[in-house]
Amino acid sequence: MDKKKKIIIISAVALLVVIGLIIFLANRGGISATTMRVIRIEGNVSLQDNGVLKAIKENLRLLSGNTIDTSESSTVSIGLDDTKIVTMDELSRAEFKQSGKQLNLDLTAGSLFFEVDKPLADDESFEIETSTMIVGIRGTSGWVSVQGDVESFILTDGHVHIIGTNPTTGERKEIDVNPGQRVTVYLYNDRSVDSIMFEVEDITEREAPEFILGLLRENMVLLDRVCEETGWDKNWILGIADAEPDEPEPEPVVEPEPTPEPPAEPSAEPVHEHEYVAEVTKPATCGAAGEKTFTCECGDSYTEVIPATGNHTYVAEVTTEANCVLPGVMTYTCSVCGDTYTEVIPATGEHTFEGGNCYTPMVCTVCGAEGPLGAHHFVLTHHGAHTHTETIMTDPGMPGQGIPPTYETITVTDSGPYDDYCCEYCGCSQGDN
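Rules and cut-offs
- Residues numbered from 1 in each chain as written.
- Predicted model: local features only at pLDDT ≥ 70, side-chain atom pairs only at ≥ 80, totals over all residues.
- Heavy atoms only, no water.
- Buried < 20%, exposed > 50% of the residue type's maximum accessible area, 1.4 Å probe, protein only.
- Helix = DSSP H or I, 4+ residues; strand = E, 2+ residues; numbered from the N terminus.
- Arc of directions from axis to C-beta.
- Contact = heavy atoms within 4.5 Å.
- Polar contact = N/O pair within 3.5 Å; in protein donor to acceptor, adjacent residues only side chain to side chain.
- 1 Å grid on protein atoms, 1.4 Å probe; cavity = no way out; pocket = protein on both sides within 12 Å on 5 of 7 lines; lining within 4 Å.
- Points joined across faces, edges and corners; volume = space filled by probe spheres on them.
- Nonpolar A, V, L, I, M, F, W, Y, C, P; charged D, E, K, R; others polar.
- Pairing = 2+ DSSP bridges.

Draft legend 1. Spotlight on helix α3 (residues 220–230). Of all the residues in α3, the buried ones are Leu222, Leu223, Val226, Cys227 and Thr230. The buried residues of α3 occupy an angular sector of 130° when the element is viewed end-on, so they sit on one face. Turned more than 90 degrees off the buried face of α3, the exposed positions are Val221 and Glu228. Looking at the buried positions of α3, the neighbouring elements they touch are β9 (102–116), β12 (141–147), β13 (150–157), α2 (210–218) and α4 (234–238). Gly231, located one to two residues past α3, shows a positive phi value of around 80°.

Structure (structure tokens):
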């Protein structure tokens with residue numbers, strides 16, 4: 001084979017390899033850096049696009065503004081790109097927003113676990129928001145939870161910065177969180193300073209939610225990383241019990257030689273044991289948490305948070321009166337925190353009729369509907385002397401013999417005068433009714 005043919009064959013093979021690589025990359029089904037896709041669905045999960053319910057399935061591409069809800073005993077995993085995965089627990093709701101390389105998740109209920117395998121580039125951002133927190137994520141894993149009024153965060157590896165804001169007072173605070181720490185946010189709407197507080201505590205693997213532990217068992221690489229940074233017990237998480245040590249053989253009992261007892265030494269001062277007395281130093285209300293203080297007689301003390309009761313004291317007020325055709329509004333306002341809601345007062349259907357007369361129907365003063373005819377309008381009328389006709393019998397006839405009676409119409413003159421009340425519209429007198 002000559003040199004020219006060899007060059008042609010090698011060039012053709014190289015071209016085929018390049019074409020095959022292009023086809024492979026185009027159809028490999030991977031998630032690009034700007035694509036959000038549904039990876040796994042377990043149970044009943046729903047998707048809304050601008051409020052419209054749509055079908056959801058695995059490998060479905062999500063759009064910015066999509067909202068996902070999980071039902072009881074249901075979970076869903078979403079790949080935000082090829083390095084970021086979010087898994088939502090049951091009874092959770094989150095809205096996914098994306099603008100270029102900026103990702104934002106708005107968690108309004110339930111909880112989710114996030115995992116970012118690769119630190120974000122300088123032009124990337126990934127934030128998870130609740131009503132009180134913004135969690136800035138660079139290359140970490142952790143858990144965010146919204147359970148009613150209680151919002152909390154657990155960092156399992158890496159480092160995050162949290163910005164907390166009280167939506168009522170507008171006060172803002174920031175905190176850095178380390179692996180193995182749990183942060184709980186508390187709001188105090190009755191004050192302008194320290195109206196938002198962070199409670200930070202170190203937790204062990206035994207205090208972590210089962211949702212986190214279950215996901216760690218599925219990802220050994222992540223589990224090793226989390227245990228290394230938090231100090232959590234990997235074997236305990238995996239359910240591997242330590243082997244019980246063999247019991248040693250009993251040694252022969254050797255009676256010791258009696259030894260004289262040393263003289264008694266003065267006893268040491270007894271160790272003080274705290275006895276705390278609890279006192280509610282700030283009662284909880286329907287919308288704000290309270291505080292309970294535990295104090296020992298030695299002066300040592302600590303506090304605990306009393307969760308907000310959520311039991312509002314509503315006062316009802318009619319803010320819009322109902323009438324014959326339009327419903328009204330009843331407003332209920334909490335006398336403690338100002339929380340409000342409204343109820344509809346049904347229309348009464350009872351018209352307020354006025355006007356009209358014996359010829360013209362009455363009209364509703366509210367809606368203009370016609371009602372029944374109005375009443376007569378009697379006015380005093382003066383009458384003078386006048387005549388009228390009457391029919392009288394002039395001959396009784398003989399009915400037994402077939403002769404009928406005879407009648408005659410005569411004119412009668414009334415002497416007058418006299419007064420009467422007559423309707424000015426129809427002319428009838430009160431005696432005619």
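Structure's up, so let's keep going.
Draft legend 2. How the structure looks around the side chain of Ser74. Among the secondary structure elements, Ser74 is positioned in the loop between β5 (66–70) and β6 (75–79). For Ser74, a relative accessible area of 2% gives the class buried. In this structure the side chain of Ser74 is engaged in a polar contact, spanning 3.2 Å, whose partner is the backbone oxygen of Glu72. With residues up to four places along the chain from it excluded, the contact list for Ser74 reads Glu42, Gly43, Asn44, Val45, Met88, Asp89 and Glu90.

Draft legend 3. Quick look at unusual backbone geometry. Residues other than glycine seldom take positive phi values, yet Leu91 does so here, at roughly 55°. Here Leu91 lies in the loop between β7 (84–88) and β8 (93–99). With relative accessibility at 53%, the residue Leu91 sits in the exposed group. Although it is not a glycine, Asp194 adopts a positive phi angle of roughly 60°. With respect to the helices, strands and loops of the structure, Asp194 is situated in the loop between β16 (181–187) and β17 (196–202). A residue is classified by how much of its surface remains accessible, and Asp194, at 31% relative accessible area, is partly exposed.

Draft legend 4. Quick look at the layout of surface pockets. As a volume, the largest pocket reaches approximately 400 Å³. Contributing elements (two or more residues each) for the lining of the largest pocket: β13 and β16. Of the residues forming the lining of the largest pocket, the biggest block, three residues, is contributed by β16. Along the lines of polarity and charge, the residues of the lining of the largest pocket split into ten nonpolar, eight polar and two charged.

Draft legend 5. Representation of the sheet that holds strand β26 (residues 370–373) within the structure. Pairing within the open sheet is antiparallel, and its three strands lie in the order β24-β25-β26. Pairing within the sheet leaves two strands with one partner each, and these edge strands are β24 (353–354) and β26. In terms of strand pairing, strand β25 (residues 361–364) meets β26 through two bridges, oriented antiparallel. Within β26, the residue paired with Val363 across the bridge is Glu370.

Functional significance is not addressed by these values, which are geometric in nature.
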